Amino acid sequence: MGIIKAVDLAFEYIRRDEEGNVEGITRAVDGVNLDIQAGDFVAILGHNGSGKSTLAKHLNALLYPTEGTVFVDGKDVKQPENIWDVRQTAGMVFQNPDNQIIGQVVEEDVGFGPENLGVPTKEIWERVEESLKAVGMYQYRKHSPNKLSGGQKQRVSIAGVIAMHPKCIILDEPTAMLDPNGRKDVIRAARALNQVEGITIILITHYMEEVIYADKVYVMDGGKVVMQGNPKTVFSQVEQLRELRLDVPQVTELAYELKKSGLPLSDGILTMDELVKELKLLKKK
Amino acid sequence: MLRDITLGQYYQTESVIHRLDPRVKLVGTICYIISLFVVNNVWGYLVAALFLALMIHLSNVPFKFMVKGMKAIVFLLLITVIFNMFLTPGEALISFWKLTITKEGLRLAIMMAIRLSFLIVGSSVMTLTTTPNNLTDGMEKLMNPLRKIKVPVHEIAMMMSIALRFIPILLEETDKIMKAQIARGADFESGNIIKKAKAMVPLLVPLFISAFRRANDLAMAMEARCYRGGDGRTKMKPLVYKKADRIGYLVLSIYFIVCLSIGKICEILMGMILGIMMSVG
């Protein structure tokens, strides 16, 4: 069993009118099965309202499943006594950087998680130092979070999660509110954590460029997982992705269009280098 | 623009007072305020003034920052002085039209003016030398005994520090909403007070909605980071008394004792001087 395993997970939002009568039920997550291996970099794709954020909130026990369950590191999130262990094992970074920083100084914010876990003072300082260094924010440790850019704030949030020594980090659209530079920095930090520290990363996003390095991609629509596989297999199905109102990376799209107009290129080209290489090969022939 | 505002009125510099434990400064300020209302003779005020001058000197904060706080209470100060001057019954000094200034009134007015201004300057010494964060930490620790009577001390301190953290964010947001409304023809500038107040409604409603949304997000983020109240929580920066803090308490208690007994000391001293003079004479 992997580090995170969802079994027939379903979650219903119940809408009520002013008297409290049930007006309607929205099945935000509908029969999802996941099996994520430790050390993987996993991406979950989907347009707005596809249920990907709702799914993410189940992975660290912020929402309680209506049906099915999730096991995080072998622990059932449905058991109340497991909640704090689950939240420590699977840390979470949210979309809006302003709404998840609690401290008034960068280092104090990073220390917030370990403080809650009851870590001794001396060890908190060690953890804060190492996590700020891991995301390249150590020189900003005395700054006020209000004066940092969006990308820097998001990296502080990631450091705040790392300081709790999780095995897995869930990033829920961490780059949605950032400019392209900040986006690159955050993704680079997440990849470094995955490769250097071996932390499992679950990245939820709708930016296709961010998922080409993932080990596995899940595509969600209407609360269900509709496609899964490595980026190459998922992105070779351009038509199907378009039906789900998702874009493919620009290079992939170009390759796809070229192929459609007669060039014998392979499916699922993800990077510029790959495309250049294939085109050169064609030219030689 | 709004990003640069400083919170509270903390003045960043290096000094003995800055380095003191916030608890010492809090207790000190309370003691100082009490002492101002206990003393009732010239010598007492002199001691209080000297003590205040010493603290200002030690804090390395320019004097003009201390006086800044006075601006806010100038009006209050004037009213107090005027009412005390004219409305205290007693021996008349000057009288014109229907108003009389009495000797007792004048005395009381001067006393109140001194008390109020010392009080403001005294408490600004604390707020200028302590970061808001440190201050909340100090309060939490000082009020800790109140937990026995079910006062949610940790929660209050946490709320205060979160409020402080969100002030600049909400200010920025107000600025943004204001600009958005102005761009769509809203008018915040002209008209009388009632008109201006009405113009604030389209500003406050979105601000409130966004504040609630932020609060919801923040609560979720805090829970995700295992926040479960004050029990079992350790501190990254625990407050520990150092040597300087002990000396601070010592100086404080000496000041307090001197202040309380200054009347008696003066009486005895005067008596002794008089006695000596009499015997010489």
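Owing to the predicted nature of the structure, the values given are computational and were not obtained by experimental measurement.

Each value, and the rule that gives it
Residues numbered from 1 in each chain as written. Chains lettered and ligands numbered in written order. Predicted model: local features only at pLDDT ≥ 70, side-chain atom pairs only at ≥ 80, totals over all residues. Helix = DSSP H or I, 4+ residues; strand = E, 2+ residues; numbered from the N terminus. Rg over C-alpha atoms; globule rule 2.2 N^0.38 Å. Contact = placed C-beta atoms within 7 Å. Buried ≥ 20, exposed ≤ 12 C-beta atoms within 10 Å, placed from the backbone. Nonpolar A, V, L, I, M, F, W, Y, C, P; charged D, E, K, R; others polar. Domains from an automatic or database assignment. Core = buried A, V, L, I, M, F, W, Y, C linked by C-beta atoms within 7 Å. Pairing = 2+ DSSP bridges. Axes fitted to C-alpha atoms, helices over the stretch in contact; angles between N-to-C directions. Parallel < 35°, antiparallel > 145°, perpendicular 65-115°, else oblique. Arc of directions from axis to C-beta.

K.L.:
I keep staring at the overall build of chain A and nothing clicks. Help me out?
P.N.:
When you go through chain A residue by residue, the secondary structure sums to ten helices and ten strands. Compactness check: chain A gives a C-alpha radius of gyration of 20 Å against a globular reference of 19 Å for 285 residues, within 12% of the reference. Across its three principal directions, the C-alpha atoms of chain A cover 65 × 55 × 40 Å. Considering only contacts within chain A whose residues lie at least 6 apart along the sequence, 64% involve residues at least 24 apart.

K.L.:
Looking at this structure, I do not really get the overall build of chain B. What am I missing?
P.N.:
Helix and strand counts for chain B stand at ten helices and two strands. Order of helices (α) and strands (β) in chain B, N terminus to C terminus: α-α-α-α-α-β-β-α-α-α-α-α. The C-alpha radius of gyration computed for chain B amounts to 25 Å, which surpasses the reference 19 Å derived for 281 residues by more than 25%, pointing to a less compact arrangement than a globule. Summarising its shape, the C-alpha atoms of chain B cover approximately 85 × 60 × 40 Å along the three principal directions. Here chain B holds 281 residues, and 19% of them are scored as buried. Taking all contacts inside chain B whose residues are at least 6 apart in sequence as the whole, residues at least 24 apart take part in 74%.

K.L.:
Is there a simple way to explain the interface of chain A and chain B in this structure?
P.N.:
Interface size is commonly expressed as the accessible area that is lost once the parts come together. Each partner contributes residues to the interface: chain A has 29 residues there, and chain B has 26 residues. Top element by residues in the side of chain A that touches chain B is helix 3 (residues 106-117) of chain A. It accounts for seven residues. When its residues are assigned to classes, the side of chain A that touches chain B shows eleven nonpolar, 13 polar and five charged.

K.L.:
Sorry, what's going on with the domain arrangement of chain A here?
P.N.:
Residue and element names in this part refer to chain A. Split into domains, chain A comes out as domain 1 (4-244) and domain 2 (249-285). Relative to domain 2, the C-alpha centre of domain 1 lies at a distance of 33 Å. Top contributing element to the side of domain 1 that touches domain 2 by residue count: helix 7 (residues 231-235), with four residues. Residues of the side of domain 1 that touches domain 2, tallied by class, amount to five nonpolar, two polar and two charged.

K.L.:
Please clarify how the domain arrangement of chain B should be interpreted in this entry.
P.N.:
Residues and elements named next belong to chain B. The domain boundaries assigned to chain B delineate domain 1 (9-142 + 242-280) and domain 2 (154-224). Distance between the C-alpha centres of domain 1 and domain 2: 38 Å. Across the contact, five residues belong to domain 1 and five residues belong to domain 2. In terms of residue class, the side of domain 1 that touches domain 2 is built from two nonpolar, two polar and one charged.

K.L.:
Could you clarify how one ought to interpret the environment of Pro132(B) in this entry?
P.N.:
Mapped onto the elements of the fold, Pro132(B) is located in helix 7 (residues 132-142). Separated by 88 residues in sequence, Pro132(B) and Gly44(B) place their C-alpha atoms 31 Å apart.

K.L.:
How do you make sense of the nonpolar core when you look at a structure like this?
P.N.:
Taken as a class, soluble globular proteins show a tendency for nonpolar side chains to be buried jointly. With 85 residues, the main nonpolar core has Ala159(A), Ile201(A) and Ile202(A) as its most contacted residues. Once residues lying within four places of it in the same chain are set aside, the contact partners of Ala159(A) are Val110(A), Ser131(A), Leu132(A), Ala134(A), Val135(A) and Met137(A). Residues Ile17(B), Leu36(B), Ala48(B) and Met126(B) belong to the second largest nonpolar core, which totals 19 residues.

K.L.:
For this particular structure, what's the right way to read the pairing of strand 3 (residues 41-45) of chain A?
P.N.:
In summary, the side chains of a regular strand alternate between the two faces of the sheet. All names here are of chain A. Among the five residues in strand 3, five count as buried, and that is most of the element. Side chains of strand 3 alternate between two faces, with Phe-41, Ala-43 and Leu-45 and Val-42 and Ile-44 buried alike. Across five bridges, strand 3 lies against strand 8 (residues 200-205) in parallel orientation. Across the sheet, residue Ala-43 finds its bridge partner in strand 8, namely Leu-203. Relative to strand 9 (residues 216-221), strand 3 runs parallel, the two being bridged by four bridges.

K.L.:
Looking at this structure, how should I read the pairing of strand 10 (residues 224-229) of chain A?
P.N.:
Residue and element names in this part refer to chain A. Bridge analysis of strand 9 against strand 10 gives five bridges, and the strand direction is antiparallel. Residue Tyr-218 lies in a different strand from strand 10, and its bridge partner there is Gln-228. The antiparallel pairing of strand 9 with strand 10 creates a hairpin that spans two residues between the two strands, and Gly-222 there sits at a positive phi of about 55°.

K.L.:
How should I be thinking about the environment of Asp185(A) in this particular structure?
P.N.:
All names here are of chain A. Note on placement: Asp-185 falls in helix 6 (residues 180-197). Taking the C-beta count within 10 Å as the criterion, Asp-185 has 21 such neighbours and is therefore assigned buried. Taking the C-alpha atoms as reference points, Asp-185 and Gln-154, separated by 31 residues in sequence, lie 9.3 Å from one another. Look past the residues within four positions of Asp-185 in its chain and what remains in contact with it is Gly-151 and Arg-155.

K.L.:
Please explain the sheet that holds strand 1 (residues 4-16) of chain A as it appears in this structure.
P.N.:
Sheet strands pair by backbone hydrogen bonding; their relative direction is either parallel or antiparallel. Residues and elements named next belong to chain A. Ordered in space as 2-1-4-5, the four strands form an open sheet in which the pairing is antiparallel. Each of the sheet's edge strands pairs with one partner strand only, and the pair in question is strand 2 (22-36) and strand 5 (75-76). Of the pairings in the sheet, the one linking strand 4 (residues 67-72) to strand 5 comprises two bridges and is antiparallel in character. The partner of Phe-71 across the bridge, within strand 5, is Asp-76.

K.L.:
What am I meant to see in the sheet that holds strand 7 (residues 168-172) of chain A here?
P.N.:
Residue and element names in this part refer to chain A. The strand order across the open sheet built from six strands is 6-7-8-3-9-10, with neighbouring strands paired in mixed fashion. Of all strands in the sheet, those bounded by a partner on one side alone are strand 6 (90-93) and strand 10. The mean inter-strand angle of the sheet, taken between neighbouring strand axes irrespective of direction, is 20°. Where helix 5 (residues 150-162) meets the sheet, it contacts strand 6 and strand 7, and its direction lies at approximately 165° from that of strand 6.

K.L.:
What is the right way to look at the packing of helix 7 of chain B against helix 8 (residues 153-183) of chain B in this model?
P.N.:
Axis angle and axis distance: for two packed helices, these are the angle between their axes and the distance between the axes, and together they describe the pair. All names here are of chain B. It is at 9 Å that the axes of helix 7 and helix 8 come closest, and there the two elements cross at 170°. Classified by the interaxial angle, the pair formed by helix 7 and helix 8 is roughly antiparallel. Residues Pro-132, Asn-133, Thr-136, Met-139 and Glu-140 of helix 7 lie in contact with helix 8, whose contacting residues are Val-153, His-154, Ala-157, Met-160, Ser-161 and Leu-164. A per-class count over the contact of helix 7 with helix 8 returns six nonpolar, four polar and one charged.

K.L.:
Explain helix 9 (residues 250-260) of chain A here, please?
P.N.:
An α-helical turn contains 3.6 residues, so any two residues separated by three or four positions project in the same direction. Residue and element names in this part refer to chain A. Within helix 9, the full set of buried residues consists of Val-251, Thr-252 and Ala-255. One face of helix 9 carries all of its buried residues, which in axial projection span an arc of 100°. Pointing more than 90 degrees away from the buried face of helix 9 are the exposed residues Gln-250, Glu-257 and Lys-260. Contacts made by the buried residues of helix 9 are with helix 7 and helix 10 (272-284). One or two steps after helix 9, the chain reaches Gly-262, where phi turns positive at roughly 120°.

K.L.:
What should I look at first to understand the packing of helix 2 (residues 22-38) of chain B against helix 7 of chain B in this one?
P.N.:
Residues and elements named next belong to chain B. Here helix 2 crosses helix 7 at 75°, and the two axes come no closer than 8 Å. Of the possible angle classes, the one that applies to helix 2 and helix 7 is roughly perpendicular. Across the interface between the two elements, Pro-22, Arg-23 and Leu-26 from helix 2 touch Asn-134, Leu-135, Asp-137, Gly-138, Met-139, Lys-141 and Leu-142 from helix 7. Of the residues assigned to the contact of helix 2 with helix 7, the class counts are five nonpolar, two polar and three charged.

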